[in-house]
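Okay, here's what each chain looks like letter by letter:
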Amino acid sequence: AAACFAGIALTVFFATDLFRTMTQTPAWASVLSFNGVVSSTSKGNISPVTQGFTVTGSATFTTGEGSSCLVLLQDGSKLYLGKNTSAAITKLAKGSAFTARITLNQGTIGVKVRKLSKRSEFTVRAGLLKAEVRGTEFLVSTLGETPYVSVKDGAVKVSRTDRRATVFAHAN
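An account of the accompanying structure is given in this report. Just so you know, these numbers come straight off a predicted model, no measurement behind them.

## Observations regarding the pairing of strand β3 (residues 38–42)
Residue alternation in β3 divides its side chains into a buried set, Val38, Ser40 and Ser42, and an unburied set, Ser39 and Thr41. Sheet topology note: the β3/strand β6 (residues 59–63) ladder contains four bridges and is antiparallel. Bridge pairing in β6 links Ser39 to Thr62. Two elements, β3 and strand β4 (residues 45–48), share four bridges in a ladder whose sense is antiparallel. Bridge pairing in β4 links Ser42 to Asn45.

## Focus: the sheet that holds strand β15 (residues 148–153)
Spatially, seven strands are ordered β5-β2-β7-β8-β11-β14-β15 in an open sheet, and the strand pairing comes out antiparallel. In this open sheet, the two strands that pair with only one neighbour each are β5 (54–56) and β15. Each strand of the sheet is rotated relative to its neighbour by a mean of 20°, with strand direction disregarded. Direction of pairing for strand β8 (residues 78–81) relative to strand β11 (residues 108–112): antiparallel, over a ladder of four bridges. Bridge assignment links Leu81 to a residue of β11, and that residue is Ile109.

## Quick look at the pattern of salt bridges
Overall, the coordinates contain four salt bridges when judged by the stated rule. Taking the shortest distance from any N to any O, the salt bridge between Glu121 and Arg101 comes out at 2.9 Å. With a gap of 20 residues between them, Glu121 in strand β12 (residues 121–126) and Arg101 in strand β10 (residues 99–106) connect regions that are remote in the sequence. Given a relative accessible area of 15%, Glu121 falls into the buried group. Glu132 is paired through a salt bridge with Lys157; the nearest N and O atoms lie 3.8 Å apart. Of this pair, Glu132 sits in strand β13 (residues 129–133) while Lys157 sits in strand β16 (residues 155–160); the two residues are 25 residues apart in sequence, bridging distant segments of the chain.

Procedures and definitions
- Residues numbered from 1 in each chain as written.
- Predicted model: local features only at pLDDT ≥ 70, side-chain atom pairs only at ≥ 80, totals over all residues.
- Heavy atoms only, no water.
- Buried < 20%, exposed > 50% of the residue type's maximum accessible area, 1.4 Å probe, protein only.
- Helix = DSSP H or I, 4+ residues; strand = E, 2+ residues; numbered from the N terminus.
- Pairing = 2+ DSSP bridges.
- Axes fitted to C-alpha atoms, helices over the stretch in contact; angles between N-to-C directions.
- Salt bridge = Lys/Arg side-chain N within 4 Å of Asp/Glu carboxyl O.

See below:
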């Protein structure tokens, strides 16, 4: 009986995820401010970033030495990229639920996520680390040998993509 229930739950999960994907359209991300040398790569095109620069769907933002960038996502969440940072927005979509998937390739990003619905998704990956949130403020960094998460406000679900280990990090 347990296997039967597990199969039903798995089927419902995949059907829900498939429905969310089918009802979503690309969302935008816009540069609120920047300092120094910042670029964006989207669909193979590299562009210098200016205030108000907007991308739709997916893009990689890269900052140079002494540079930084503040990016507003369509749902009201914000990403702050520190110096020498490369962060890819691998999926940004809206619809019945909001989806944001960010991959930190190097450096440090600060993230302030507005309160999301239960069906919405906001994840940040850095190496084997995956942080999932619903509405919080946190920092993810790849500086040093091991990626880490620091929570400023709220709670973040942190897991490793190569294991089933999951912890919840809370602000002090």
